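# Report on the structure
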Amino acid sequence: MKNLLFLLILPIFFFSCGDDGIGFDMSYRQDFEIPAGLNTFDTHVFEFVNIPTNKNTFFTANDVTESDITGITPREARLNIDFGDEDFYFVRQVIVEIRTEELDNSGNRRWKEIYFRENVPLNTGRSVILLPSLPQVTEELTRDQFSVRVEMLFRDITPTFIDARLEMLFLAKY
């Protein structure tokens, strides 16, 4: 019986996720308003520029320096409605992007996807959980400021003005 139990538990040790480094969370939030009456045909963009990274606060609190950081990646994000009785039934898709220093062919800075959610369920309620994309954002979050934009597609016209909050969590490894 003990051998059988050992054989059942053994795969857990081989397939369990290991921690491949020490890290800490860097969290940010941005409040914004979604206007009433937005249509279902356009992609609606909400852009937030010059958000302080507060990198020195995060690094000091975790007793690391910028040179100790080996990578910063998106971890999780959420779009919330904090006030009112509405929910996100009208949202079909959400994409969150961060501005990079890279230039496109027109000389404009590029945007890199960091979170997304396609086919938001009708019954999502007052919160949309966004999935992290895979890019490294180390360069963007080790500057003094960064810029983010939220692109939203709607399945229905927005019913009223909605106070929304974007909460983003990044994992900084060292």
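How each quantity is defined
Residues numbered from 1 in each chain as written. Predicted model: local features only at pLDDT ≥ 70, side-chain atom pairs only at ≥ 80, totals over all residues. Heavy atoms only, no water. Pairing = 2+ DSSP bridges. Helix = DSSP H or I, 4+ residues; strand = E, 2+ residues; numbered from the N terminus. Axes fitted to C-alpha atoms, helices over the stretch in contact; angles between N-to-C directions. Buried < 20%, exposed > 50% of the residue type's maximum accessible area, 1.4 Å probe, protein only. Contact = heavy atoms within 4.5 Å.

## Things to note about the sheet that holds strand β5 (residues 109-117)
Two pairing modes exist for strands in a sheet, parallel and antiparallel, and in both the strands are linked by backbone hydrogen bonds. If you walk across this open sheet you meet the eight strands as β1-β8-β3-β6-β5-β4-β7-β2, and the pairing is antiparallel. Taken across any chain shown, the strands that pair with only one partner, and hence form the sheet edges, are β1 (23-34) and β2 (44-52). On average, adjacent strands in this sheet sit at an angle of 25° to one another, irrespective of strand direction. Here β5 pairs with strand β6 (residues 127-132) via two bridges, running antiparallel. Looking across to β6, one finds that Phe116 is bridged to Leu131.

## Concerning the environment of Gly23
Mapped onto the elements, Gly23 comes out in strand β1. Here Gly23 falls in the partly exposed class, since its relative accessible area comes to 37%. Not counting the four nearest positions on each side in its chain, Gly23 is found in contact with Leu171, Ala172, Lys173 and Tyr174.

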